[in-house]
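Observations on the three-dimensional arrangement
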Amino acid sequence: MQERSVTAAGKRYELGNPFFVLATQNPIEQEGTYPLPEAQLDRFMFNVWLDYPKYEDELLVVKNTTSNKKVELKKILTAEEIIYFQELVRRIPVTDNVLEYAVKLAAKTRPNTEHGAAVSNSYLSWGAGPRASQFLVIGAKCHAMIKGKYSPDIEDVKAVAAAILRHRIVRNYKAEAEGMSIDKIIAELVK
Amino acid sequence: MYKTDVEAADAFVVKYKELNAEISKIIIGQDEVIKDVLISIFSKGHCLLVGVPGLAKTLLVNTIADVLGLSYNRIQFTPDLMPSDIIGSEILGDDRHFKFVKGPLFANIILADEINRTPPKNTSSFA
């Protein structure tokens, strides 16, 4: 995932380009599972939580899927275009104050360090590493682009912060006892 | 492909809207999730989806692979899976030489279904 290549029988093989892994996890059934090691979890850019659909949406889903309605999908992009846009996202400029905000936000999650926030000191046992700062900046750039902006601002960093930090911070027993959820802590940090 | 970066950025917004319109023909609601997945693709990142069964996680990945025109493989993770089931392995060919047969990992989009059902030896083979 990180190296975009694998080694088998002593030979290196390049993986596809673009290469994108989407993994799923079920949060309720934990029996017979092996929780992902923190180091492997850290390689995922986003941890996205799916919720039950809204009532109106579910009505439409059930209506569409229980009839024989067939939808033909158009191909919108080619692999070359995707690679081009991936490069474009990296090329867009970022101002120093946005960069500083992103790095500071990651630093704020680290308990009992120089920049650690009060909420991290009391509720977290581990904070996010530098990979979080990198993803915060690149995620903000992409978020700015889809909104039609040519440079990210602090709002763009905030928009992607929850999905990036969620799996990188570890709560302590006090947070669990007091019912401080991960998302509550992140909301406190970006405030 | 485009003359200037500004022109390309404007084209990207149009393409992104088209992508959304096409995906929403299949996936109803879940706009935030679709946005996050698309951001991670264009940022060269990877994405972990957490949710109870039946929320159209697999369908979402299928649909995105379709509209992006990329090759797509799904790997169901089970406790007895081996790394060679993911990467591929060397087998003896007709010409009495070993040749490498690529596993499902060689595609543009990989859906790693229930990734926590397998021991870390497997996830570390590609993660």
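Each value, and the rule that gives it
Residues numbered from 1 in each chain as written. Chains lettered and ligands numbered in written order. Predicted model: local features only at pLDDT ≥ 70, side-chain atom pairs only at ≥ 80, totals over all residues. Heavy atoms only, no water. Phe/Tyr/Trp six-rings, centres within 6.5 Å; stacked < 30°, edge-to-face > 60°. Buried < 20%, exposed > 50% of the residue type's maximum accessible area, 1.4 Å probe, protein only. Core = buried A, V, L, I, M, F, W, Y, C linked by side-chain atoms within 4.5 Å. Helix = DSSP H or I, 4+ residues; strand = E, 2+ residues; numbered from the N terminus. Contact = heavy atoms within 4.5 Å. Salt bridge = Lys/Arg side-chain N within 4 Å of Asp/Glu carboxyl O. Polar contact = N/O pair within 3.5 Å; in protein donor to acceptor, adjacent residues only side chain to side chain.

A few words on the packing of aromatic side chains. Overall, the coordinates contain seven aromatic pairs over all chains when judged by the stated rule. Ring centres 5.9 Å apart and planes at 70° place the aromatic pair Tyr84(A) and Phe85(A) in the edge-to-face group. Across the pair, Phe85(A) and Tyr84(A) agree in class, each one buried. Here Phe100(B) and Phe106(B) contribute two aromatic rings whose centre-to-centre distance is 6.2 Å and whose plane-to-plane angle is 75°, an arrangement assigned as edge-to-face. Of the two residues examined, Phe100(B) and Phe106(B), each falls in the buried class.

Right, let's get into the nonpolar core. If you look at the biggest cluster of nonpolar residues, it comprises 75 residues, and the most contacted ones within it are Phe46(A), Leu105(A), Val37(B), Phe42(B) and Leu68(B). Looking at which element gives the most residues to this core, the answer is helix H6 (residues 130-146) of chain A, with nine residues. Contacts of Leu105(A), omitting those with residues within four sequence positions, involve Leu136(A), Val157(A), Ala161(A), Leu165(A), Leu189(A) and Val190(A). Grouped together as the second largest cluster of nonpolar side chains are 25 residues, Leu15(A), Leu41(A), Ile75(B) and Phe77(B) included.

Pairing between side chains becomes possible if they bear opposite charge and their charged atoms approach one another. Residues and elements named next belong to chain A. Enumeration over the complete set of coordinates arrives at 15 salt bridges over all chains. In this structure, Arg 12 engages Glu 14 in a salt bridge whose closest nitrogen and oxygen atoms are separated by 3.1 Å. Among the ionic contacts, a cluster of salt bridges with common partners joins Asp 42, Arg 131 and Arg 168.

Among the secondary structure elements, Trp49(A) is positioned in strand E4 (residues 46-49). Between the C-alpha atom of Trp49(A) and that of Arg171(A), which follows or precedes it by 122 residues, the distance is 17 Å. Setting aside its immediate chain neighbours within four residues, Trp49(A) contacts Arg166(A), Asp183(A), Val33(B) and Val50(B). Here Asn47(A) takes part through its side chain, which lies 3.4 Å from a polar atom of the side chain of Trp49(A).

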